[in-house]
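This is what each chain is made of:
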Amino acid sequence: MSGGYRPPLEGVLRITRWDQVPDGWFTRGQLARLDPPRRPARDAVPQGQVLYHGNSYAPLFALADTVPKRRASAAQRAALARARQLQWVCRRCGWRDPHPDAAPLGRGRVCLGCAATQAAFGRHRQATRNARWMLDGWLSGRALALVVDNLEDPSELAVAGRGFRETLTLPPSADGTAAVAAVQRVSAQVAEHLDACERVLCWTDAHTVRHALRRILVPDLPWPSQDDLDPGALHAARSRVNAEALRRAGDPGWLAKAKWREVVDEYAPWYGQPGDCTVLEQGRFRPDRRLPLAADTTAGALDALLDNLMAVAYNDRPTSARAPWHTNPAALDTPER
Ligand SMILES: [Zn+2]
């Protein structure tokens with residue numbers, strides 16, 4: 001008897017002990033175990049029902065109301081066995097778990113490797129949509145692309161928006177006035193050429209770059225340290241330094257309010273170079289965060305940033321030969337180039 005609780009049938013004799021079941025009355029399970037096996041006839045009505053598992057009732061049928069159970073043909077049994085076997089075989093790549101106690105693959109019948117490949121390919125396509133959104137922002141004069149030579153301590157800054165580009169030398173870190181002048185020059189270009197600067201596109205470490213640019217505006221103010229202050233006071237103190245930095249530069253929207261985005265966050269899943277992966281990690285990428293195609297200059301790096309952004313947005317360049325969708329194309333409905 002399988003399954004869970006089975007309530008008693010209404011108006012059918014209840015029998016609470018197996019030894020009270022009259023001879024010649026059988027449950028479905030007992031009928032199936034007869035040799036040859038039988039089952040209730042199509043219109044058979046139970047004569048009674050017997051209690052089992054303490055709270056469930058199994059209907060009882062008189063032998064006269066039963067018919068021989070047709071045995072599955074050899075072909076049907078073979079088909080059933082094959083279907084059972086297939087529960088362990090990936091529908092996509094044909095992989096079979098060699099472990100004798102492996103669980104069946106379950107709904108969808110896709111192995112972990114193929115599932116990871118499908119997830120990676122989904123992220124690859126999402127990256128293209130995201131990059132297009134970034135590029136649209138740039139083309140419509142609402143975004144700025146920005147590169148610095150040194151993430152922690154920038155001495156050169158290259159920026160480009162729709163209709164302008166500039167490379168600025170940032171002064172040595174003690175000279176706040178010159179830093180303010182450089183930041184204001186970017187702001188003037190933004191004001192002249194862009195409708196609004198809602199986004200700043202960096203290749204990587206947007207937070208670090210933004211922080212470094214704010215810091216050079218106030219070389220005279222020490223950055224509040226977590227060694228000296230409790231978290232609440234630390235946050236307030238850092239906010240004050242930030243506010244002072246932005247005030248000196250004239251509160252430039254691109255440095256103060258715009259959302260800073262990292263192009264590498266789309267490039268890496270688009271390119272699909274896996275880390276040292278196990279099957280489970282195939283969908284994860286530990287990208288090389290250097291800028292592909294980047295030259296030695298910040299201006300060259302800026303070109304490379306925009307070029308790579310376009311490659312992702314238009315998906316018109318080869319992706320990594322080790323990308324899961326290349327190494328396991330069977331996982332996908334539609335193979336990728
Ligand atoms: Zn598979």
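Structural data are supplied above this passage.
Residues numbered from 1 in each chain as written. Predicted model: local features only at pLDDT ≥ 70, side-chain atom pairs only at ≥ 80, totals over all residues.

With respect to the overall build of the chain
Helix and strand content of the chain: ten helices and eleven strands. Counting only C-alpha atoms and orienting by the principal axes, one finds that the chain spans roughly 105 × 50 × 35 Å. By the burial criterion, 29% of the 337 residues in the chain qualify as buried. (Helix = DSSP H or I, 4+ residues; strand = E, 2+ residues; numbered from the N terminus. Buried ≥ 20, exposed ≤ 12 C-beta atoms within 10 Å, placed from the backbone.)

As for the sheet that holds strand S8 (residues 156-161)
Read from one edge to the other, the open sheet built from five strands follows the order S9-S8-S7-S10-S11, with strand pairing classed as mixed. Bordering the open sheet on either side are strand S9 (164-169) and strand S11 (259-262), each of which pairs with just one other strand. Each strand axis lies, on average, 25° off the axis of its neighbour in the sheet, ignoring direction. Sheet topology places strand S7 (residues 143-148) next to S8; four bridges connect them, and they run antiparallel. (Pairing = 2+ DSSP bridges. Axes fitted to C-alpha atoms, helices over the stretch in contact; angles between N-to-C directions.)

Here's the deal with unusual backbone geometry
For the peptide bond that leads from Asp 35 to Pro 36, omega is 0°, which places it in the cis range. Relative to the elements of secondary structure, Pro 36 occurs in the loop between helix H1 (28-33) and strand S3 (38-40). Positioned with a positive phi, Asp 251 is a non-glycine residue whose angle comes to about 50°. Structurally, Asp 251 can be placed in the loop between helix H6 (231-248) and helix H7 (253-256). Unlike most non-glycine residues, Asn 315 shows phi in positive territory, near 50°. Within the secondary structure, Asn 315 is located in the loop between helix H9 (298-314) and helix H10 (324-327).

Points about the packing of helix H3 (residues 112-139) against H9
Between H3 and H9, the least distance of the axes is 7 Å, while the angle of their chain directions is 130°. With respect to each other, H3 and H9 are oriented oblique. In the crossing of H3 with H9, the sense of the turn from one axis to the other is left-handed. Along the contact surface, H3 presents Ala 127, Thr 128, Ala 131, Arg 132, Met 134 and Leu 135, while H9 presents Leu 309, Met 310, Val 312 and Ala 313. (Parallel < 35°, antiparallel > 145°, perpendicular 65-115°, else oblique. Left-handed = near helix turned anticlockwise from the far one by under 90°. Contact = placed C-beta atoms within 7 Å.)

These figures capture arrangement, not role.
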